Amino acid sequence: MPEPAPAAATHEHPDTAEPWLTVAAAARRLGVAPSTLRTWDRRYGIGPNEHTPGRHRRYSAADLARLELMQRALVRGVAPADAARWALAAGASAPTPAPAPAPPRTQAPTRTPAPPPAAAGGRAGGGALRLAGAGAAARGLARAALALDGPAVSGLLAESLAADGIELTWDDLVRPVLAAIADRWAHTGAGAEVEHLVSECVLAVFGAHRRAAPPAAGARPVLLAAMPGELHTLPIVALAVALAHRGVAHRYLGANLPADALIAAVRRTAPAAVVLWAQVGDTADAAVLAQLPPARPLARAFAAGPGWEAATLPPRAERLGSLPQAMAAIAGTVPA
Ligand code: B12
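Residues numbered from 1 in each chain as written. Predicted model: local features only at pLDDT ≥ 70, side-chain atom pairs only at ≥ 80, totals over all residues. Heavy atoms only, no water.

- Within an unreviewed UniProt entry, the label attached to the protein chain reads MerR family transcriptional regulator, and the organism entered is Pseudonocardia aurantiaca.

## Looking at the nonpolar core
- Counting 54 residues, the largest nonpolar core has Leu-157, Phe-206, Val-222, Leu-239 and Val-275 as its most contacted members.
- Once residues lying within four places of it in the same chain are set aside, the contact partners of Phe-206 are Leu-161, Ile-166, Thr-169, Trp-170, Val-174, Cys-201, Val-237, Ala-238 and Val-241.
- In terms of nonpolar packing, the next biggest core, distinct from the first, is built from 24 residues, Leu-30, Leu-37, Tyr-59 and Ala-163 among them. (Core = buried A, V, L, I, M, F, W, Y, C linked by side-chain atoms within 4.5 Å. Buried < 20%, exposed > 50% of the residue type's maximum accessible area, 1.4 Å probe, protein only. Contact = heavy atoms within 4.5 Å.)

## Focus: the pairing of strand β8 (residues 300–304)
- Burial analysis of β8 places four of its five residues in the buried class, the great majority of the element.
- Direction of pairing for strand β7 (residues 273–277) relative to β8: parallel, over a ladder of five bridges. The residue of β8 that forms the bridge with Val-275 is Phe-302.
- Here four bridges tie β8 to strand β9 (residues 317–320), and the two strands are oriented parallel to one another. Note that in β9 the partner of Ala-301 across the bridge is Ala-317. (Helix = DSSP H or I, 4+ residues; strand = E, 2+ residues; numbered from the N terminus. Pairing = 2+ DSSP bridges.)

## Details of the coordination of the cobalt atom of the ligand
- Inspection of the coordination sphere of the cobalt atom of the ligand shows a single protein donor, His-232 (NE2), at 2.3 Å.
- Along the chain, His-232 falls in the loop between β5 (222–226) and α8 (234–245). (Donors = N, O, S within 2.8 Å, 3.2 Å for Na, K, Ca; no water.)

## Examining the packing of aromatic side chains
- By the definition in use, this model includes one aromatic pair.
- Seen in terms of ring centroids, Trp-170 and Phe-206 are 6.5 Å apart; in terms of plane orientation they differ by 65 degrees. Their pairing is edge-to-face. Taken together, the residues span a long stretch of sequence, with Trp-170 in helix α6 (residues 150–188) and Phe-206 in helix α7 (residues 192–211) at a distance of 36 residues. Taken as a pair, Trp-170 and Phe-206 share a single burial class, namely buried. (Phe/Tyr/Trp six-rings, centres within 6.5 Å; stacked < 30°, edge-to-face > 60°.)

## Topic: helix α11 (residues 323–333)
- Among all positions of α11, only Leu-323, Ala-326, Met-327, Ala-329 and Ile-330 are buried.
- Of the surrounding elements, those touching the buried residues of α11 are α6, β5, α8, β7, β8 and β9.
- With a side-chain oxygen lying 3.1 Å from the backbone nitrogen of Gln-325, the N-terminal cap of α11 falls on Ser-322. (Polar contact = N/O pair within 3.5 Å; in protein donor to acceptor, adjacent residues only side chain to side chain.)

## A look at the site of the ligand
- As a structural note, the neighbourhood of the ligand is formed by 28 residues, with Trp-170, Arg-175, Leu-231, His-232 and Thr-233 the closest of them.
- At a separation of 2.9 Å, a nitrogen atom of the ligand approaches a polar side-chain atom of Trp-170.
- Elements represented by at least two residues in the shell around the ligand include exactly α6, α7, α8 and α11.
- Ranked by the residues each element gives to the shell around the ligand, the list is headed by α6, at six residues.
- Residue classes in the shell around the ligand are distributed as 17 nonpolar, eight polar and three charged. (Near = heavy atom within 4 Å. Nonpolar A, V, L, I, M, F, W, Y, C, P; charged D, E, K, R; others polar.)

The structure is reproduced here in structure tokens:
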């Protein structure tokens, strides 16, 4: 997700002298990426009422108030399309920035995230999250996570998936926040509850997004599993979401898959590729890769994750080190 442009650009409406903001300035005011505002406008029809003669978007105070209503609904877990519909309806009945009505809820009531503190990621229960260089959206996610506000975390993840897609959501939003949570834990021993909450929200929201993709065709799926003993699964869940939205047939077999179950699944599905995740060295057992039964044509075998770094792989296995690299390698195996 790109950072908002640095220069604030305010103009005056030629007739009313009301201040008008460019998309970059409006995005900065709202703490989202400019691309998010453009997507909301294009996809959900919630944008500025006016454009300049050159067709540039120009946001008035009323436009911003409507977008703030949408954000409030999103952090409560409302789906983006419903949040936009509600904000447009609420904004139409209150054309000037008025006291905001309560957004609709799809989940148990929760408070909206606390206003941004000065520290990059917020502070709660023994230390801030260090998010140097991360975007506003990641800082917002960190604040919601530290507040243990699950609905807000889920709402922000869902909004990012809808606006920016899985690769940006994973690389620019989720990974920086997970790294900051792990860093805080390493320095203070605190925050396992935050790590668990974020992990569960990611699994739930990514899972729903994966299931929302149209069914994929393809006789030979890609099998995705975490190695025996391996409980870390988030990166292969992100990969499964990306495959689903690229129309690639796949089977996601989850955490800690026993080796004999993996072999049975390979026999039954004759996959085009098998991706085995090892987060830590202890679970990166190259013998499991070597035991994969031969299929015709041979399935490609991928050793994914940092756990495999020190392992000697069997000759047919290839390493995967990032989500984009995994997508490129698999696309070369299984055309969508
Ligand atoms: C979330 C998390 C958990 C969750 C996992 C939930 C889930 N369903 O996945 C839970 C709470 C279950 C958990 C448990 C444990 N965890 Co943990 N966990 C993490 C955390 C915060 C994120 C893991 C993750 O998803 N990483 C992936 C991304 C976010 O990491 P990244 O560095 O940005 O990405 C790198 C690669 O993974 C790759 N990459 C990124 N995305 C993708 C996508 C694809 C497709 C590919 C191919 C590559 C790729 O690119 C990067 C460069 O290498 C990490 C810290 C961290 N930042 O990794 C600790 C971490 C991995 N856990 C750790 C530990 C110690 C544990 C526990 C032993 C804790 C305990 N005492 O119980 C258990 C072990 C459980 C087990 N047997 O497997 C240590 C591992 C240390 C080590 N190297 O041995 C870490 C590093 C934390 C730390 N600093 O100590 N954990």
